[in-house]
Structures are given as structure tokens and as C-alpha cells.
Amino acid sequence: MLVFLDESGDAGLKFTEGSSNNFVVTLVIFSNPAVAKAVDETIAKLRTKLNLPAHSEFKFAKMDQSRRERFFKEINGFDYCYFSIVINKPALRGEGFTVKESFYKYACRLVLSNAAAMLTDATVIIDGSGDREFRRQLKSYLCRTINDPGAETVRIKKLKLQDSHRNNLLQLADMICGAVARFYSQKPDHQVYRRWIRPREKRVQVWPKENPGLATEGTHTIR
């Protein structure tokens, strides 16, 4: 089983200085490695169809609407699924959330916990850019908190760091995460992209739910 993880937004809480209201983390899960390979090849071929350089990276934030939709159309019908967590940052309480590294680790833990029932001997692949020591700590933290010590099989078998520039399936996670994040924005195209990927959606959780009109889950602190 292959799992690709990416995020959208930032972990900052300085809203008057430009911090995003939401921080989104998405998992894309392939139960069948052959399907993952087919999607990888499809994304590679799309660059040729769009006359893009072979080394170019598909990133939701850097693409226009037509190319975003073309991307989702190309992968439509493949057998994968995804989970997302949408962190409603203005509703957060607790000093731990002011530490960006702790915040990021906890957000990853939340979305992996939602997908835990599906995970068996999974190889989780995360974009390897950034501080190497922090990424090492992240690997240890997620394996420790998601795996069940008493189980016969592990949920996370391996956790790898790879460069998204060289990994089409990390780029897929970026695109899906971007589509989910856009859905919860107020931008004019916020409903355009999620319709393409909704058949593959397992769960999108908004956490904590303290916005007007949403059921309240209470305040939360990092544990």
C-alpha cells in the first residue's frame, strides 16, 4: 500500500499578517501498486500533451483553472482514495499550536488517524524538502502514534522523504489537497475542482468545528 501526503496553507496563526485561515493536509492512498504506476505514467504523459518541460512540476497554486481541470480529468476513473483534514485555525486553543513544527506533526497525525482502519503495511511518502532533522522527528512521531503495538501487522511500515519535483504522485497529492483547500475558500472557483475528485473521497474533516453554522466539537489542544 502506498500513501502520499501533502499540505496546503501555512501553520502560522498571525492572521492580521497574512496567515491562512485553514491548514489542509491530504493523504492519497493506493491499495494497488499497479494503479499507482499507471497514474504516475498518466501524469508524465500529460506534460507532453500540455507541451510542458519534462521536469516541470504540477502544483495547484501555480496553475490556471483550465490546466487544473485537465489534470483532474486525466486521472479521473483511477482507483485511489483520499482523506483530508481542514484545520480551522482561528478556532484553535492551546500554546502547542503556536509551535509550527508541533502543529504540522499533529495535523498529519489527525488525518492519518482518520485513515488508520485502511492502512496495512503502508509506505507513506512525504515531500522531503525542508529541515532534515524535523522530517526525521516527524517519521518517528507518526510511526509511534499511528501504529498499534499489539497488532500483528503495522499500519505504517515505512515513511520516506522524497522530492515532489521528481515524484508525480506527490504532485497528485498536492493537486488534490489544493482542490480541497480551494473548496473551503471564498474564491470564485471554489466549487469547480472538488467535483472531479469527490468519487475518490473517503473523508474530509473540518477540525475543530467552531465556525457559525457548524456543529461544535469544543476546543482542542495538542496531546
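One numbering rule holds for all chains: residues counted from 1, following each sequence as written. Whole-chain, interface and lining totals are the exception, using all residues; otherwise, since this is a predicted model, local features are given only for residues with pLDDT of at least 70 and side-chain atom pairs are given and counted only at 80 or more. To obtain the side-chain values, all non-hydrogen atoms of the structure were used and water was disregarded.

K.L.:
Teacher, can you tell me more about the side chain of S164 here?
P.N.:
Within the secondary structure, S164 sits in the loop between strand 5 (156-162) and helix 5 (168-183). In this structure S164 touches E57, D127, L170 and Q171, once residues within four positions along its chain are discounted. Put simply, DSSP H or I for four residues or longer makes a helix, DSSP E for two residues or longer makes a strand, and each gets a number counted from the N terminus. By definition in these notes, contact holds between two residues if any of their heavy atoms fall within 4.5 Å.

K.L.:
Explanation requested: the sheet that holds strand 2 (residues 22-30) in the structure shown.
P.N.:
The strands making up a sheet associate through hydrogen bonds between their backbones, and the pairing can be parallel or antiparallel. The sheet built from six strands is open, its strands ordered 5-4-1-2-3-6 with mixed pairing. The open sheet is flanked by strand 5 and strand 6 (201-207), the only strands paired with a single partner. Going across the sheet, the axis of each strand differs from the next one's by a mean of 15 degrees, ignoring polarity. Strand pairing is assigned whenever DSSP detects at least two bridges linking the two strands. Two strands pair when backbone bridges link them, and strand 1 (residues 2-8) and strand 2 are joined in this way by seven bridges, in the antiparallel orientation. Paired with V3 across the strands is I29, a residue of strand 2. Between N-to-C directions, angles cover 0 to 180 degrees, with each direction set by a line fitted to C-alpha atoms, over the stretch in contact for helices.

K.L.:
What's the story with the layout of surface pockets in this structure? I'm lost.
P.N.:
If you roll a probe as big as a water molecule over the atoms, it shows you where there is empty space left. As defined here, a cavity is a set of points on a 1 Å grid over the protein atoms alone where a 1.4 Å probe fits but cannot get out. A pocket is an open set with protein on both sides within 12 Å along at least five of seven lines, and residues line them when an atom is within 4 Å of a point. Grid points are joined across faces, edges and corners, and a volume is the space filled by probe spheres set on the points. Size it by volume and the largest pocket reaches roughly 600 Å³. Taken together, 26 residues make up the lining of the largest pocket; nearest its centre are S8, N22, A181, R182 and S185. Among the secondary structure elements, those contributing two or more residues to the lining of the largest pocket are strand 1, strand 2, strand 3 (81-88) and helix 5. Element by element, the count of residues in the lining of the largest pocket is highest for helix 5, at six residues.

K.L.:
Would you explain the pattern of salt bridges in this entry?
P.N.:
For side chains of opposite charge, pairing can occur when their charged atoms come near one another. Salt bridges are defined as contacts in which a side-chain nitrogen from Lys or Arg sits within 4 Å of a carboxyl oxygen from Asp or Glu. Tallied over the entire structure, the rule returns nine salt bridges. With a shortest N-O distance of 3.4 Å, K59 and D174 are connected by a salt bridge. Of the two residues, K59 sits in the loop between helix 1 (33-49) and helix 2 (65-75) while D174 sits in helix 5, which places them 115 residues apart along the sequence. Overall, the relative accessible area of 23% leaves K59 in the partly exposed class. Among the ionic pairs, R195 bridges to E69, the shortest N-O distance being 2.8 Å. Taken together, the residues span a long stretch of sequence, with R195 in helix 6 (residues 194-197) and E69 in helix 2 at a distance of 126 residues. By relative accessible area, R195 is classed as exposed at 52%. Note on classification: 1.4 Å probe, protein chains only; a residue is buried when its accessible area is under 20% of the maximum for its type, exposed when over 50%, partly exposed between these limits. Since its relative accessible area comes to 18%, E69 is described here as buried. When salt bridges that share partners are traced, they join K49, R70 and E74 into one network.

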